Structures are given as C-alpha cells and as structure tokens.
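# Observations on chain architecture
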Amino acid sequence: MEKSVSYVNRREFLTGSAALAAVGVTLPMQADTHQFASSEAAAEFDMYQQRRRWELWSLLGDLPWDHKPSPPRLVRTEKHDGYTLERWMLDLNGIEPVPAVLLIPDRRQERAPGLLFIHWHAGQYDLGKEQLLRGTSVQPAYAPVCVEKGLVTLAIDCWCFGERKREEVGRQGEEDTFKLMLWRGQVLWGMMMFDELRALSYLASRPEVDPARLGAFGMSMGATKAWWLAGLDSRVRVAMDVCCLTDYQSLIDADRLSKHGVYYFVPGLLKHFDTFQINELIVPRAHLSVNGRRDDLTPPAGVEQVREKLLGLYRTYGKAEDCKIELFDCAHEELPEMRREILTWMDKHLVAP
C-alpha cells in the first residue's frame, strides 16, 4: 500500500533563511524580552527565529535534504480495542529504512490532532518505538492516553534502536555509528533530528490528521528531541517534554556530562546556542516541560534558569499561559501529578479544535 507524502526538502526549508540573508538581516543572539511593543517588533523576532533555525540545522552535519523519499510501505495492520495499529516502513533518509507504528483511534475527530511520540534512550536499545505501547518502569504507556483523546500518533525507531539496533551490544552499535558518521561529516544527533522532521511530515500527510494541530512528546532523550524539533520546525504547535530540560552550562558545572550518551553531543554547539536559545525558537507556541528536582540528568538550577528566561519571553509575547516549566520532587521518572499536567496540556492545546 502506498500513499503520497509531502516531505520538507532543503530548498523549501531554506526559503525563509535565504531571504533573510539576501536582505542582510542581523539580529541579536538573544532576543530582547522587552521588544514586542509593536507588531513590527514581533515580525522582526519571527525573522530572527527563522534565521536561527537554519543556523541550528547547519550545526548538525551533512543531512540528506535532497533525498526524495520513496512511498511508505505498509507492513501490517493490527486491530486492537479502541484503535487500529498500522506498522509501516518509511524511507526518511535514503540510507536505511525506518520502522514506524501509527496508532489510529476509532473515536476521533474527522481531522484529528497528530502526535509524534519520541522514545527514550535509557540504554534500552531493543525498545524503541514500542515504548508507545508498552511504557517503561518509570512511565506508563501512552497508547491508552492517545486512544482516549483521539490523537493519531506516530512513533519511529530512532537510529540504533528497536528494529534499527546495530549490534548485539546496543551501546557498541550506537558508538560505532556516532564515530562513523563523524568521519563522513555527519552528526548522529543531526541524523536523528532529520528522521523526526521527516516523520513529522509523514504524520502531517495522513488523511486522518489536521496538519495545523501537530504535537511532539517524549521523555529523556525523547524529551530533548521534542523541544529541539519544536525549535527547528514551526509545524510543531505543541511541545511536551518530560525529564530532560536544563541549561547546558549548568550540566557542565554540575559535572553531569557522563549522564548523557554520545548521541546528545553536537560539535561546536555551545559557540552558537545554549538551551534557552534553542527553546526561544518555540515561542510563542505552547510548551510544557516537567522535570525532576532529583534527576541527575537535569540539574534543577539549569531548569530554573531556562524557565526564568523563557517565561519572560512568553510574557512579552502576551502568551505567558502557553509556557509551563515545572520541577517535581522526583528523580528521572514521570509522577502521576506530572501526567495530570500533561493530560491537561494536551486537552487545552492539542485536542481542542
């Protein structure tokens, strides 16, 4: 079974950035949080975001922008209580096929909101996209939530995970992939984000989905991907991340770099961006982040620093209610009260027409 998909290509993505370069737009590295007194200032900030998005993409190595994906291939369809699960093989990058699951609730709006569910790392190289269906020891499965709320939900296997696992020892496969990509001028994180970008395009192309209501959600590695993707691609209208938002310098100061795998690191990133400067590319779209105060991956001082800067920018934009960054008394886990926040956010910003 084949379906037509409209993927973002390099030319389309560069249009805005090329226009900015042509007129010589130069804006400050960090937006002035008092500048939106007029629509002209807001438009200037929007242009700044477009330029910075491409600057961020440019740090992610050689990406297959010019690859035109072949049609998706349906592997099989499974009927479950309240939803249909389609298993697909997607051509996202032209290098290796990408296994994916698409959850389609029986009860949903005619043009339903779409959710990109992004799996975590945790050294669980065999899990991948199946996290959507199975959950983990610290986060119950989200499939029932997606069914209840009528969210058409897509999850793919990330590089080196699930059906894309490279070696019997998953960590070895990930490290080998990271090293080989560097030799080839690629960055593992960049290739990961490129796949998620193309997966979002596939989700947006589905006839069941309203492309104006797309969300990105994940925990841990999936959380970092969710806010990066929302920063990189304005089609993400709602970003929701669990347990992986903190200021990079705070992570360094707390001596916590060892808590993150090699996938997390981008050459030269800190010369151009800190965590806030990536997240400001999401403004004024809805953003929820829930984190643990005792989580070794996210020093709380760094969470608070990002929160203070982002909330100021959202307030200036008149959208203070659309940004919520919270700390809970827990480690690297999703508490029931965290999930309540997430479900409320979904209802308000994604489910509501």
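Everything in this summary refers to the structure shown in the same document.

Rules used in this analysis
Residues numbered from 1 in each chain as written. Predicted model: local features only at pLDDT ≥ 70, side-chain atom pairs only at ≥ 80, totals over all residues. Heavy atoms only, no water. Salt bridge = Lys/Arg side-chain N within 4 Å of Asp/Glu carboxyl O. Helix = DSSP H or I, 4+ residues; strand = E, 2+ residues; numbered from the N terminus. Buried < 20%, exposed > 50% of the residue type's maximum accessible area, 1.4 Å probe, protein only. Pairing = 2+ DSSP bridges. Axes fitted to C-alpha atoms, helices over the stretch in contact; angles between N-to-C directions. Expected span 1.5 Å × (residues − 1). Core = buried A, V, L, I, M, F, W, Y, C linked by side-chain atoms within 4.5 Å. Contact = heavy atoms within 4.5 Å. Phe/Tyr/Trp six-rings, centres within 6.5 Å; stacked < 30°, edge-to-face > 60°. Lys NZ or Arg CZ within 6 Å of the ring centre and 35° of its normal.

## Points about the pattern of salt bridges
Oppositely charged side chains can pair when the atoms bearing their charge come close. Applying the stated criterion across every chain, the model contains 27 salt bridges. Among the ionic pairs, E55 bridges to R51, the shortest N-O distance being 3.6 Å. Highlighted residues: E55 and R51, both in helix α2 (residues 39-58), separated by four residues, approximately one helical turn. Its relative accessible area of 19% is what places E55 among the buried residues. It is possible to trace a salt-bridge network through shared partners that takes in R76, E78, R87, K129, E130, D157 and E163.

## Brief notes about the sheet that holds strand β4 (residues 112-118)
Judged by pairing direction, the sheet is mixed, and its nine strands sit side by side in the order β1-β2-β3-β5-β4-β6-β7-β8-β9 without closing on themselves. Where the open sheet ends on each side, the last strands, each with one partner, are β1 (73-80) and β9 (323-328). With direction set aside, neighbouring strand axes in the sheet form an average angle of 15 degrees. Pairing of strand β8 (residues 286-292) with β9 involves six bridges; the strand directions are parallel. Opposite S289, over in β9, you have I325 as the bridge partner.

## Remarks on helix α7 (residues 221-232)
Each turn of an α-helix holds 3.6 residues, which means side chains three or four residues apart point in the same direction. For α7, with twelve residues, the first-to-last C-alpha span of 16 Å sits near the 16 Å given by 1.5 Å per residue. Of all twelve residues making up α7, twelve are buried, and the element is well covered by its neighbours. All buried positions along α7 are accounted for by M221, G222, A223, T224, K225, A226, W227, W228, L229, A230, G231 and L232.

## Structural notes on unusual backbone geometry
The residue after V283, namely P284, is reached through a cis peptide bond having omega 10 degrees. The topology assignment puts P284 in the loop between α9 (275-279) and β8. For A122, which is not a glycine, the phi torsion comes out positive at approximately 55 degrees. By secondary structure assignment, the location of A122 is in the loop between β4 and α3 (131-134). A relative accessible area of 47% places A122 in the partly exposed class. In the Ramachandran plot, C243 falls in the positive-phi region, its phi being about 60 degrees despite a non-glycine side chain. With respect to the helices and strands, the residue C243 is situated in the loop between β7 (236-242) and α8 (248-253).

## Some points on the nonpolar core
Residues L56, W57, W189 and W228 are the most contacted members of the largest nonpolar core, which totals 75 residues. Sequence-distant contacts of L56, defined by excluding residues within four places in its chain, comprise W228, L232, L269, F273, I278 and L281. Listed in part, the 34 residues of the second largest apolar core include V242, M338, M346 and V351.

## What to know about the packing of aromatic side chains
Under the defined criterion, the tally for this structure stands at 15 aromatic pairs. Where F45 meets Y48, the ring centres are 5.7 Å apart and the plane angle is 25 degrees; that geometry is what we call stacked. Placement of the pair is F45 and Y48 together in helix α2, with a separation of three residues, close to one helical turn. Each of the two residues, F45 as well as Y48, counts as buried. Pairwise contacts between aromatic rings join W189, W228, Y248, Y263, Y264 and F265 into one cluster. A cation over a ring is seen here: R339 above Y142, with NZ or CZ 3.8 Å from the ring centre.

Taken by themselves, the reported measurements are silent on function.
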